[in-house]
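Chain by chain, the residues:
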Amino acid sequence: MDSRLDEAEKKIINRCERITNSAIGFFSHSIMPYIFSVTEVQLPKEAYLKGDEYWGKIGDVFSPDGRGFDNIMKAAAPLAKQNDSGIAYWRFGPKKVAVLVTHPSDIKAIVKDNFANIYFHDSTGSFKMFFGENSIFNSPHKSENWNHLRNRFKHALFVDSALKKDFAPMQKIIDRAIAKIVETQDHTIADLEQFSNSLTMDMIGELKLGFSHVDEESKNRVSNVISQASIEVANPRNQLINEYLPFVKYFYKSKLTQLLERGFDLLKKDFIKPNEANIRQTENWLNVEGSAEQTDLYSQKVIHEITQFLVAGHETTAKLLLMSLLLLGEAQHKDVLEKVYEEIKQKGVAPQDWTTEHLANMPYLTAVLKETLRLYPPIPDMLFKVAKPFSFSAGSVKKDDVIVISQRTTHRNKAVFGEDADQFRPERFIEKSFSEYDYFPFGFIPRQCVGQRFSMQEVMLTASRIIAEFDIKHELQSPYPYHQIFTMRIDLDNIKMQFVPRESLEHKSSLALR
């Protein structure tokens with residue numbers, strides 16, 4: 001009897017959830033876009049900002065693919081470029097104003113002179129959803145928790161001793177990746193993006209988390225959940241519900257919540273459980289302040305911290321690896337690829353036998369990666385929220401305004417990078433140095449990406465190993481279309497890359513099959 005009652009209760013609960021979901025879906029897809037479309041008004045005549053207002057209907061961005069903000073940016077950026085102030089602004093909801101700032105002098109005034117007056121914008125609560133209440137991403141600047149977490153992460157990722165210790169294990173992971181290339185038909189990778197994601201997830205998982213036993217299917221499942229959850233979080237519909245109807249979350253379990261629960265379950269079952277002993281022994285973030293023997297690896301706090309490493313530690317690095325290989329593999333950039341190859345050969349030592357010192361002196365490859373980050377920044381736009389009103393050359397911003405600083409816009413500033421700013425030319429980073437407000441792929445000090453050196457080391461070493469072994473080519477040509485859903489997403493499916501062995505199979509065996 002009890003079991004039948006339980007089943008009946010479950011059916012009633014499920015039916016109520018479906019009805020509630022349908023009502024919320026109708027409201028967010030139909031009613032809310034209409035309300036914001038017909039009530040949108042111009043800023044008051046005494047508008048406090050110079051520049052152009054992006055005049056569009058908010059309803060136009062309510063698409064379920066999560067590209068709403070990207071659509072706004074693609075419309076607003078040309079407006080900012082065409083006026084002297086370098087400013088564009090728009091409304092987002094009845095009272096919200098967002099400001100796109102593109103001039104380096106204004107960026108400096110905001111992130112250097114007024115850093116205490118802004119904070120990372122997280123209106124959707126996305127950082128909390130993915131990483132917990134007290135993650136490094138949503139902790140206030142210079143707070144006790146922020147300092148504590150940054151020091152722990154820095155110890156695990158950033159210091160020279162950690163990077164040197166990671167070098168030999170990185171070589172072994174790259175060995176496996178090259179072996180996969182060798183084993184494919186015609187040395188062709190059918191999906192370069194998946195290849196890049198898998199390799200970088202192995203790097204962060206094995207070296208920093210102790211995940212030595214994770215199969216490809218599990219990695220793909222977790223990547224898919226992260227991708228789908230990001231789309232849900234980024235959807236302007238969900239942003240406005242969270243902003244104006246926060247009580248909704250108490251009435252139904254959203255698709256986002258279901259995705260995150262699924263993702264956390266996958267981490268526990270496929271990542272932590274098969275690797276529990278290894279996790280406790282690995283010199284990772286758990287062991288910075290003592291033994292991990294007594295740590296509950298299945299607690300929500302630990303799951304959130306693992307998610308921080310997996311999401312922040314592999315996804316952006318995978319984008320850099322993917323885009324650098326894509327650019328180098330183009331027929332029109334054959335000369336760039338050969339220059340990198342010549343720089344590798346000049347070392348006189350095969351890359352699989354390099355040390356950190358060999359990698360440290362690679363100016364041309366470094367320029368290639370910098371140019372890739374300039375044209376295809378893994379995080380195209382950064383959002384900040386104003387905590388305290390302040391003024392800069394373009395005008396004033398008030399409390400709760402949103403400031404957008406856009407790598408994809410500022411990094412292509414022809415006044416800074418020249419008339420060929422839209423072209424791939426690594427030599428520009430050898431010919432000239434650029435200020436941190438002209439070029440900022442890793443963000444701004446003091447909240448600059450703590451893992452940037454780890455990321456650069458793994459991509460430089462991977463690229464060197466691949467280029468020493470193979471001539472790379474594909475049939476695509478830049479510019480490559482992309483959009484942003486938190487991170488850059490390339491608008492290409494199943495990118496095929498051919499890896500043509502540079503020398504004989506015998507030579508190759510010493511590199512890939514040793």
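For the structure itself, consult the block above.
Residues numbered from 1 in each chain as written. Predicted model: local features only at pLDDT ≥ 70, side-chain atom pairs only at ≥ 80, totals over all residues. Heavy atoms only, no water.

> Looking at this model, I keep getting lost on the sheet that holds strand S5 (residues 188-189). Mind explaining?
Where strands meet in a sheet, backbone hydrogen bonds hold them as pairs that are either parallel or antiparallel. Ordered in space as S5-S13-S10, the three strands form an open sheet in which the pairing is antiparallel. With partners counted over all chains shown, the strands left at the sheet margins are S5 and strand S10 (470-473), one partner each. (Pairing = 2+ DSSP bridges. Helix = DSSP H or I, 4+ residues; strand = E, 2+ residues; numbered from the N terminus.)

> Looking at this model, I keep getting lost on helix H7 (residues 192-209). Mind explaining?
The end-to-end C-alpha distance of H7 is 24 Å, a good match for the 26 Å that 18 residues give at a rise of 1.5 Å each. Within H7, 16 of the 18 residues are buried, which leaves the element mostly enclosed by the surrounding structure. Phi for Gly210, located one or two positions after H7, is positive at around 85 degrees. (Expected span 1.5 Å × (residues − 1). Buried < 20%, exposed > 50% of the residue type's maximum accessible area, 1.4 Å probe, protein only.)

> Just to check I follow, could you spell out unusual backbone geometry for this structure?
Residues other than glycine predominantly adopt negative phi, and peptide bonds predominantly adopt the trans conformation. A cis amide bond links Ser478 to the next residue, Pro479, at an omega of 5 degrees. Within the secondary structure layout, Pro479 lies in the loop between S10 and strand S11 (482-485). If you check the backbone angles, Phe486 has positive phi at about 70 degrees while not being a glycine. Despite not being glycine, Asn494 has its phi angle at roughly 50 degrees, a positive value. Following the sequence through the fold, Asn494 ends up in the loop between strand S12 (487-490) and strand S13 (497-501).

> What is the right way to read the packing of aromatic side chains from this model?
Geometrically, a pair of aromatic rings is defined through the distance of the ring centres and the angle of the planes. In total, this model carries 11 aromatic pairs according to the counting rule given. Taking the centre distance of 6.0 Å and the plane angle of 50 degrees together, the rings of Tyr376 and Tyr480 count as tilted. Of this pair, Tyr376 sits in the loop between helix H15 (363-375) and strand S6 (381-386) while Tyr480 sits in the loop between S10 and S11; the two residues are 104 residues apart in sequence, bridging distant segments of the chain. When sorted by exposure, Tyr376 lands in the same class as Tyr480, which is buried. (Phe/Tyr/Trp six-rings, centres within 6.5 Å; stacked < 30°, edge-to-face > 60°.)

> Which parts of the structure should I look at to understand the pattern of salt bridges?
In total, this model carries 32 salt bridges according to the counting rule given. As a salt-bridge pair, Asp70 and Arg408 come within 3.0 Å of each other at their nearest N and O atoms. Of this pair, Asp70 sits in helix H2 (residues 68-81) while Arg408 sits in helix H16 (residues 407-410); the two residues are 338 residues apart in sequence, bridging distant segments of the chain. In this structure, Asp70 and Arg408 share a single accessibility class: buried. (Salt bridge = Lys/Arg side-chain N within 4 Å of Asp/Glu carboxyl O.)

> How should the side chain of Glu343 be read in this particular structure?
Note that Glu343 resides in helix H13 (residues 334-345). Put simply, Glu343 is tucked away with no salt bridge, and the nearest opposite charge, on Lys347, sits 6.7 Å away. Here the side chain of Glu343 touches Leu365 through a polar contact of 2.9 Å, landing on its backbone nitrogen. Every residue in contact with Glu343, bar those within four places of it in the chain, is listed here: Met362, Pro363, Tyr364 and Leu365. (Lys, Arg positive; Asp, Glu negative; His and termini not counted. Polar contact = N/O pair within 3.5 Å; in protein donor to acceptor, adjacent residues only side chain to side chain. Contact = heavy atoms within 4.5 Å.)

> Help me understand the nonpolar core, please; the structure alone is not making it clear to me.
Within soluble globular proteins, side chains that are nonpolar generally end up buried alongside one another. Ranked by size, the top nonpolar core spans 100 residues in total, and within it Leu192, Phe211, Leu310, Ile472 and Phe499 carry the most contacts. Here this core takes 14 residues from helix H12 (residues 300-328), the largest share from any one element. Those residues in contact with Leu310, other than ones at most four positions away along the chain, are Met201, Ile204, Leu209, Phe211, Leu267, Phe271 and Glu315. The next biggest cluster of nonpolar side chains, apart from the first, holds 22 residues, and it includes Phe390, Phe392, Tyr437 and Phe440. (Core = buried A, V, L, I, M, F, W, Y, C linked by side-chain atoms within 4.5 Å.)

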